[in-house]
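Each chain is listed here by its residues.
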Amino acid sequence: MKLDSVLTQILWNRVISVADEAATGLIRTSYSSVVRDFNDFACGLFDVKGNLLAHSTKTTTAFIGVMPYVMRDFLQHFSADALEPGDALITNDPWQGTGHAYDLCIASPIFHRDRIVAYAICIVHHLDVGGRFGTTESKDMYEEGLRLPMLKLYRGGVFDKSIQHIIRENVRAPDKMFGDIRAQIVANNVCGKGLIGMLEDYGLDAGSLHDLSQEISARSERSLRAKIAEVPDGTYENEVTLPTIGSVSGIGIKVALTVAGDSIVIDYAGSSGEVSVAVNTTFNMTRSYSMYPIKLALDPSVPNNEGSFRPVTVRAPEGSLLNCKPPAPTWGRTMVCHNLPEIVFGALAKALPGRIMAGSGSTPLVFTYIRAKRKNGRTHVGIASSMGGLGANARTDGPSCRGFPYNVGNIAIETTENDLPIIYLKKELMPNSGGPGRNRGGLGQEFEFVVADGDLGPDGPMLVGIRGSGRKPESPYPVFGRLGGGVGRGEHLALNGVEIPNGPQQALGPGDRLSMALPGGGGFGNPFEREPERVAHDVALGYVTPQGALDDYGVSVDASGKVDMIETGRKRGVNKGP
Amino acid sequence: MTSYRIGVDIGGTFTDFTLVDDSSGEILVEKCLTTSNQPERAVIEGLRRLRTLRPDALPGAQAVIHATTLLTNVIVERKGALTGLLATEGFRDVLEFAREMRYDIYDPFIEFPVPLVERPLRLGVRERILVDGSVRVPLSEEDVRTAAKIFRERGVQSVAICFLHAYRNAAHERRAREILGSELPGVEVSISSEVHPEPKEYERTSTTVVDAYVKPTAAHYLDKLSGELRTEGYRNNLFVMLSNGGTATAETTKRFPVQAVESGPAAGVEAATHYGRLIGASRLLSFDMGGTTAKLCVVLDGKAARTRSFEVDRVQRFKPGSGIPIAMPVYDLLEMGAGGGSIARVNSLGLLQVGPDSSGSSPGPACYGLGGEDPTVTDCDLALGFLDAGSFLGGEMKLSAERAEEAIRAKLAGPMQVAVVEAAWGVHNLVNETMASAARVHIAEKGQTARNLTLVGFGGAGPVHAIGLARKLGCPRLVIPPLPGVMSAFGLLTAPMAIERPRAVRQLLRDLDLVAIEQWSVELENEAAALLPAASKIDFNRMADIWRIGQDYPLEVEIEGRWSDAGALERIEAAFNAQYALHYGRVDDDTPLEIVTLRVKASQTSSKPAVKPNTQGAGAAPEGMRRVYVPAAGCYEQVRVYVRGHLHSGDRLQGPAIIEERESTTVIDRGDTLTVDSFGCLIVVLAMQEGRP
């Protein structure tokens with residue numbers, strides 16, 4: 001088969017749509033909101049040698065950069081000869097997989113004419129794997145639930161009864177978990193079916209599929225290398241101290257990003273060692289979150305595959321926070337690794353200011369794991385998540401309430417209230433929370449819920465593992481703007497009106513109210529250069545209060561909503577901005 | 001006795017008309033330029049023209065059936081009513097939160113659509129209903145009145161009401177509507193518990209807001225049109241095609257206009273499906289290319305793919321999640337910004353780019369001579385000789401080849417330093433390639449391969465581009481039905497009049513009360529039947545949406561016979577399991593099945609109009625020759641031109657050739673073979689060669 005540029009493009013589109021079909025199959029057969037609405041999953045398609053061909057468009061950011069390494073490990077554990085049609089492999093090992101035990105990685109061989117031609121993988125975040133329920137307080141991985149080493153979960157299309165039994169006795173909501181495991185099998189089945197359709201349409205086999213994989217990887221690699229080559233050579237550094245997590249303060253992350261020709265080395269030497277709170281990050285996650293900002297800043301439009309990873313090398317010292325070793329506890333690793341893209345941006349900003357976003361309000365991701373028994377005796381596990389504002393950039397204001405670097409959806413309030421014994425009291429945009437700037441940061445939000453009582457309420461305590469905002473006002477690493485833009489604001493986490501710490505588990509009862517505010521994104525550029533009409537428009541929409549307009553932007557907006565040009569001129573003349 | 005049915009389809013550029021005389025089977029067609037600001041003007045104009053041919057057209061009409069892209073355009077161009085939103089206090093920003101996702105994780109400059117209701121008009125009122133339908137906070141009527149005052153002061157014309165869990169208990173929404181009704185006379189109100197009574201507040205709010213946003217426009221327009229039709233002597237209901245291919249009276253449509261947002265494209269799909277059945281092709285790719293957009297739809301075994309929701313006004317046309325969601329059943333169409341009016345330009349990278357913007361009907365392509373200066377796809381098709389300046393619309397609309405060439409030279413050929421013909425062919429080929437790339441993904445998503453699909457090409461520009469598209473996709477066979485230029489309007493007459501009624505059930509299959517279910521089904525049938533014209537026989541289809549309990553996406557299972565029949569449940573369970581295995585493979589899952597929704601479709605088959613071709617003749621004879629660009633040769637040649645109306649069934653001709661008719665032109669290339677079948681369809685078998693353009 002001759003892979004000219006037209007055929008390559010056609011087949012490239014096709015493998016991406018095969019991965020997208022797999023994701024659709026997963027969503028349509030899933031038993032939980034975490035998949036259907038929160039979208040905490042990824043589907044990937046690999047060639048016969050285990051090279052990533054394509055991933056689903058709908059996917060969480062981190063899993064993209066983890067998938068190739070999980071697949072590689074699977075293929076080292078199981079030789080192709082040992083696999084049959086209908087087999088599926090599983091692991092949730094934090095080191096081989098995605099950094100904590102909650103994500104189940106399931107891979108399946110794809111057979112065509114009795115031979116393996118490719119592999120499919122589907123990673124899904126499950127809500128409970130036993131152990132202590134989601135908390136930063138675990139001291140080691142043994143407290144964090146059931147660990148499944150690389151195992152054969154399905155044999156010839158049948159769920160292994162022994163493994164099923166072990167899981168059933170170790171987790172709190174086994175039926176839901178089994179339902180979603182089956183949905184992952186569906187995703188791999190659909191992926192296989194789609195791929196075989198493509199092979200038949202074009203008369204391809206494992207060999208020519210591998211050729212295709214080589215070809216598109218080479219094109220992706222060339223494209224990224226060309227973009228890297230445009231960045232001036234040199235070493236770009238950044239160093240930050242994360243806000244206090246639990247009892248641990250002074251967690252430092254240091255990065256040196258070296259651009260040499262068409263390659264980049266990202267080195268975290270000098271960062272903190274492992275910590276006693278459950279936020280340690282396995283290297284798979286560190287690498288993935290270091291690759292992502294490079295792609296985003298330099299070559300966003302070329303689809304991701306094996307070749308996209310080759311020009312970038314990531315290093316982190318063994319046994320450090322960013323390359324922890326067993327038995328380090330890892331549940332809340334996103335409280336650390338979600339900061340990496342912005343830390344890399346911070347280093348890159350010196351070279352590429354126009355392509356970098358300001359910091360975002362829900363970095364790291366804010367969410368709550370909730371577990372409760374309903375009056376009917378059933379245990380419910382669920383997740384509630386909301387986003388802060390995105391950082392602004394050189395071209396536009398940051399959109400309000402969108403996550404970065406993670407990309408998960410909110411679960412509808414109506415769905416959450418059906419899944420869990422809580423009642424939302426409020427969920428609204430928060431004025432003045434967007435970081436001021438020539439382009440304003442996206443707004444953050446406030447929400448509050450109360451634990452239901454009566455028939456809708458929990459039977460016994462409702463356990464809540466809360467990861468509130470990591471953007472603390474006192475933090476040396478707050479939501480930062482760019483080129484003179486201001487920080488996003490609004491961090492707040494309270495139980496019944498009293499501030500509580502971020503990370504530890506709480507036991508709530510009927511009538512308890514939990515409120516949280518998620519900061520806005522950072523601004524971009526000097527806010528005193530924002531056109532007064534745009535500021536007045538923000539005031540009209542209630543994004544900025546009149547006082548905020550005056551203080552942050554030097555713009556005076558009168559009661560009718562009009563800009564007072566004289567007062568504005570005076571204010572802006574006196575004060576040229578922060 | 002004469003009995004006419006009239007189809008009227010308003011597109012972005014043209015308004016099309018078909019009239020069928022059911023007593024004789026005769027069909028008349030008309031076409032006018034769309035009058036965007038007052039669409040009914042073009043409608044009345046076209047109907048007057050029909051009347052010059054049939055003076056009793058309107059008094060003698062049983063039904064006028066209408067499809068329009070008006071509502072989509074109202075949303076895209078943000079020309080709808082000034083709309084307010086009443087929400088549960090504390091939740092007025094649902095529209096802006098959307099799903100809090102980025103639709104593209106690799107776009108650092110990502111943007112989202114501006115909500116249809118601006119924030120100062122999104123007002124919260126004290127009330128709260130819980131997930132079980134119980135009331136936690138009673139509705140504050142005072143808050144509703146305060147909101148009404150603000151709406152009045154701001155000149156709001158339409159209000160959407162969406163309270164949390166209103167799908168379970170609609171009392172607060174209904175009471176709020178009553179209050180607004182007395183406080184704000186003349187203002188339209190849409191409530192979520194009627195528009196889309198399903199959980200998930202964002203999708204429900206978005207759908208309800210769209211309904212409210214287009215409602216005054218729809219009401220005004222449909223009233224005006226109904227009035228004008230009455231003045232013209234029409235005595236029956238005006239019918240509107242809905243997005244899902246069903247039909248509803250203008251009165252019903254006015255109540256829930258959101259159901260008709262995609263009405264025009266649905267009519268085209270109906271027509272393609274009709275011809276697929278006639279010619280016995282079980283797998284079709286319906287391809288409708290008009291002045292502004294092109295639409296594709298996969299039709300399998302006489303059924304067009306459907307989906308439960310769609311998006312309008314995407315910020316990025318091809319990126320799902322970047323638009324405004326509407327949770328309404330609709331044909332699963334791929335819509336692309338590629339039409340005859342699509343503007344071609346040389347972009348900042350020095351590369352040729354076509355669309356997605358269109359010159360529409362005003363100013364239109366440069367060759368229309370209506371002031372358009374940008375070269376469009378139509379201008380290039382004219383320069384290539386595919387279209388003829390003198391015979392466009394049967395010669396009623398003279399095109400200017402000089403203006404077309406001048407626009408191409410000035411804006412494309414000059415800057416790229418190529419000949420006009422190269423630029424023109426570049427545009428034609430590029431627009432085909434753009435459509436083909438998008439089509440490949442869409443076809444793959446439907447689990448199909450182009451090689452097994454018959455392309456059915458229509459729309460004014462469809463037959464000109466269908467050959468190029470079919471070749472790029474690898475579709476071996478192409479069908480150009482009769483009257484391709486007015487196919488959507490024709491589809492309005494071939495589609496059965498149909499209406500669907502749902503009822504939420506939520507019961508385990510094994511626990512079903514079969515007597516009650518049978519009773520409900522009959523009630524739904526009666527409800528649906530009452531919405532159709534009383535004239536002729538009604539057929540019913542029963543469906544059930546079923547899932548494994550705990551899932552969120554059901555499969556639709558056809559229910560044969562009665563629920564109370566012996567073995568009915570076992571048959572339904574087996575049908576579900578078979579369908580599940582087909583879609584999802586073997587997964588070893590025995591979770592119990594739950595019936596989510598019961599649905600009944602009532603339809604009335606009308607007599608199918610068929611265009612009668614000339615019977616066996618002496619073989620096709622060209623009317624003349626003209627200078628046409630032949631892609632296979634890469635240059636202009638003298639090419640045979642046929643008049644479609646003079647062809648006979650059984651005629652067979654070889655490409656390159658041009659087949660002209662009043663509303664469109666079919667172009668075939670060297671090596672392609674065209675035959676005329678007994679239904680008057682042009683069937684083209686493509687020459688498939690490596691490296692063909």
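Bear in mind the structure is a predicted one, so any value in this text is a computation, not a measurement.

Looking at the overall build of chain A
Inference 1: Of regular secondary structure, chain A possesses 14 helices and 20 strands.
Inference 2: Here chain A has a C-alpha radius of gyration of 24 Å; the compact-globule value for 578 residues is 25 Å, and the two agree.
Inference 3: Per-residue burial over chain A gives 60% buried out of 578 residues.
Inference 4: Considering only intrachain contacts with a sequence separation of at least 6, the fraction spanning at least 24 residues in chain A is 75%.

Details of the overall build of chain B
Inference 1: Assigned secondary structure in chain B consists of 16 helices and 35 strands.
Inference 2: Rg of the C-alpha trace for chain B: 26 Å, near the compact-globule value of 26 Å for 693 residues, within the 12% margin.
Inference 3: The principal-axis extent of the C-alpha atoms belonging to chain B is close to 80 × 60 × 60 Å.
Inference 4: Per-residue burial over chain B gives 54% buried out of 693 residues.
Inference 5: In chain B, of all internal contacts separated by at least 6 residues, the share reaching a separation of at least 24 is 68%.

So, the domain arrangement of chain B
Residue and element names in this part refer to chain B.
Inference 1: One can read the domain layout of chain B as domain 1 (76–218), domain 2 (263–338 + 441–494), domain 3 (342–429), domain 4 (497–604) and domain 5 (624–685).
Inference 2: Across the contact, 15 residues belong to domain 1 and 14 residues belong to domain 2.
Inference 3: Of all the elements, helix α7 (residues 201–231) adds the most residues to the side of domain 1 that touches domain 2, at five residues.
Inference 4: Residues belonging to the side of domain 1 that touches domain 2 are distributed by class as follows: seven nonpolar, three polar and five charged.

Describing the packing of helix α9 (residues 263–279) of chain B against helix α14 (residues 487–494) of chain B
Residue and element names in this part refer to chain B.
Inference 1: Running from N to C, α9 and α14 cross one another at 70 degrees; their axes reach a closest spacing of 7 Å. Between α9 and α14, the angle is such that the two are roughly perpendicular. Two secondary-structure elements touch here, α9 through G264, A267, G268, E270, A271 and H274 and α14 through M487, S488, F490, G491, L492 and T494.
Inference 2: Residue classes in the contact of α9 with α14 are distributed as five nonpolar, six polar and one charged.

A look at the sheet that holds strand β10 (residues 188–191) of chain B
Residue and element names in this part refer to chain B.
Inference 1: Read across the sheet, four strands follow the order β6-β5-β9-β10 without closing on themselves; strand pairing throughout is parallel. Each edge of the open sheet is held by one strand with a lone partner, namely β6 (122–125) and β10. Each neighbouring strand pair of the sheet contributes to a mean axis angle of 20 degrees, computed without reference to strand direction.
Inference 2: Bridge analysis of strand β9 (residues 158–162) against β10 gives four bridges, and the strand direction is parallel. Its bridge partner lying in β10, S158 is registered against E188.
Inference 3: Helix α4 (residues 141–154) rests against β5 (83–88), β6 and β9 of the sheet, and its axis sits at about 165 degrees to β6.
Inference 4: Taken strand by strand, α7 contacts β5, β9 and β10, and its axis lies near 160 degrees from that of β9.

Description of the confidence of the model for chain B
Inference 1: On average, chain B scores 90 in pLDDT, and the residues at 70 or more come to 97%.
Inference 2: Among the prediction metrics, the complex's ipTM stands at 0.93, with pTM recorded as 0.89.

Section: the domain arrangement of chain A
All names here are of chain A.
Inference 1: Domain boundaries in chain A define domain 1 (5–221) and domain 2 (357–525).
Inference 2: Using C-alpha coordinates to define each centre, domain 1 is positioned 30 Å away from domain 2.
Inference 3: Contacts between domain 1 and domain 2 engage 17 residues on the former and 21 residues on the latter.
Inference 4: In terms of residue class, the side of domain 1 that touches domain 2 is built from five nonpolar, seven polar and five charged.

What to know about unusual backbone geometry
Inference 1: With an omega dihedral of -10 degrees, the bond running from T363 of chain A to P364 of chain A counts as a cis peptide bond.
Inference 2: Between G655 of chain B and P656 of chain B the backbone carries a cis peptide bond, its omega angle lying at 0 degrees.
Inference 3: On the secondary structure map, P656 of chain B appears in the loop between β31 (652–654) and β32 (657–660).
Inference 4: Its identity as a non-glycine residue notwithstanding, L483 of chain A has a phi of 50 degrees, on the positive side.

Notes on the packing of helix α7 (residues 283–298) of chain A against helix α10 (residues 340–348) of chain A
Residue and element names in this part refer to chain A.
Inference 1: Interaxial distance between α7 and α10 falls to 8 Å at its minimum, and their mutual angle equals 50 degrees. Relative to α10, the element α7 lies oblique. The handedness of the crossing between α7 and α10 comes out as right-handed. Packed against α7, whose contacting residues are T286, Y289, S290, Y292, P293 and A297, the element α10 presents L340, P341, V344, F345 and L348 at the interface.
Inference 2: Partitioned by chemical class, the residues of the contact of α7 with α10 number nine nonpolar, two polar and no charged.

Quick word on the interface of chain B and chain A
Inference 1: Tallying the contact residues gives 50 residues for chain B and 63 residues for chain A.
Inference 2: For the side of chain B that touches chain A, the secondary-structure elements that each account for two or more residues are α3 (94–97), α7 and α12 (420–445) of chain B.

Things to note about the pairing of strand β11 (residues 238–241) of chain B
Residue and element names in this part refer to chain B.
Inference 1: Residue alternation in β11 divides its side chains into two sets, L238 and V240 and F239 and M241, and both sets are buried.
Inference 2: Across three bridges, strand β4 (residues 61–68) lies against β11 in parallel orientation. When the sheet's bridge partners are listed, I65 is paired in β11 with F239.
Inference 3: In this structure, β11 lies alongside strand β12 (residues 247–249), joined through three bridges in antiparallel fashion.

Re helix α1 (residues 39–53) of chain B
All names here are of chain B.
Inference 1: Between its terminal C-alpha atoms α1 stretches 22 Å, which fits the 21 Å expected from 15 residues at 1.5 Å a residue.
Inference 2: Within the span of α1, buried status applies to P39, E40, A42, V43, G46, L47 and L50. Looking down the long axis of α1, one finds its buried residues gathered within 155 degrees of arc, a one-sided arrangement.
Inference 3: Of the surrounding elements, those touching the buried residues of α1 are β1 (4–10), β2 (14–21), β3 (26–33), β4, α2 (70–76) and α7.

Looking at the nonpolar core
As a rule of thumb, nonpolar side chains are buried together in soluble globular proteins.
Inference 1: Grouped together as the largest cluster of nonpolar side chains are 385 residues, with contacts concentrated most on A22, L26, L45, I106, I121 and C122 of chain A.
Inference 2: Counting residues per element, this core draws most heavily on α7 of chain B, at 11 residues.
Inference 3: Excluding anything up to four places from it in sequence, A22 of chain A contacts C43, S56, A120, C122, A187, N188, V190 and C191 of chain A.

A closer look at the pairing of strand β28 (residues 593–604) of chain B
Residues in a regular strand project their side chains so that they alternate between the two faces of the sheet.
Residue and element names in this part refer to chain B.
Inference 1: Among the 12 residues in β28, 10 count as buried, and that is most of the element.
Inference 2: Bridging between strand β25 (residues 497–508) and β28 involves 10 bridges; their strand directions are antiparallel. In the strand pairing of β28, P502 is matched with R599.
Inference 3: Relative to β28, strand β26 (residues 539–548) is paired through 10 bridges, and the arrangement is antiparallel. Each residue of the ladder has a partner; that of D539, found in β28, is S603.

With respect to the sheet that holds strand β1 (residues 41–47) of chain A
Residue and element names in this part refer to chain A.
Inference 1: Within the open sheet, the seven strands sit side by side as β2-β1-β5-β4-β3-β6-β7. Their pairing is antiparallel. A single partner strand is all that each edge strand has here, and the edge strands are β2 (52–55) and β7 (158–159).
Inference 2: Of the strand pairs in this sheet, strand β3 (residues 88–91) and strand β6 (residues 151–155) are connected by three bridges, and their pairing is antiparallel. Looking across to β6, one finds that A88 is bridged to Y154.

Remarks on helix α11 (residues 401–416) of chain B
Residue and element names in this part refer to chain B.
Inference 1: Bending of α11 peaks at approximately 45 degrees at the position of R409.
Inference 2: Every buried residue of α11 is accounted for by R403, A404, E405, A407, I408, K411, L412 and A413.
Inference 3: At the C-terminal side of α11, Q417 shows a positive phi close to 55 degrees.

Structural notes on the environment of A88 of chain A
Residues and elements named next belong to chain A.
Inference 1: By the secondary structure assignment, A88 is in strand β3.
Inference 2: Separated by 19 residues in the primary sequence, A88 and A107 have C-alpha atoms spaced 5.6 Å apart.
Inference 3: Not counting chain neighbours up to four residues away, the residues in contact with A88 comprise I106, A107, S108, L153, Y154, I185 and N188.

Some remarks on the environment of G521 of chain A
Residue and element names in this part refer to chain A.
Inference 1: Summarising the element assignment, G521 is placed in the loop between β20 (513–518) and α12 (532–541).
Inference 2: Among the residues examined, G521 registers 43 C-beta atoms within 10 Å and is labelled buried.
Inference 3: Each C-alpha atom of the pair G521 and G398 lies 6.8 Å from the other, and the pair is 123 residues apart in sequence.

Thoughts on the environment of F449 of chain A
All names here are of chain A.
Inference 1: As for its position among the elements, F449 is in strand β15 (residues 445–451).
Inference 2: For F449, a count of 24 C-beta atoms within 10 Å corresponds to the buried category.
Inference 3: Residues F449 and L495 lie 46 residues apart in sequence; the distance between their C-alpha atoms is 10.0 Å.

Reading the values: rules and limits
Residues numbered from 1 in each chain as written. Chains lettered and ligands numbered in written order. Predicted model: local features only at pLDDT ≥ 70, side-chain atom pairs only at ≥ 80, totals over all residues. Helix = DSSP H or I, 4+ residues; strand = E, 2+ residues; numbered from the N terminus. Rg over C-alpha atoms; globule rule 2.2 N^0.38 Å. Buried ≥ 20, exposed ≤ 12 C-beta atoms within 10 Å, placed from the backbone. Contact = placed C-beta atoms within 7 Å. Domains from an automatic or database assignment. Nonpolar A, V, L, I, M, F, W, Y, C, P; charged D, E, K, R; others polar. Axes fitted to C-alpha atoms, helices over the stretch in contact; angles between N-to-C directions. Parallel < 35°, antiparallel > 145°, perpendicular 65-115°, else oblique. Pairing = 2+ DSSP bridges. pLDDT = per-residue confidence, 0-100. Left-handed = near helix turned anticlockwise from the far one by under 90°. Expected span 1.5 Å × (residues − 1). Arc of directions from axis to C-beta. Core = buried A, V, L, I, M, F, W, Y, C linked by C-beta atoms within 7 Å. Bend = angle between axes of the 7 residues up to and from the residue.

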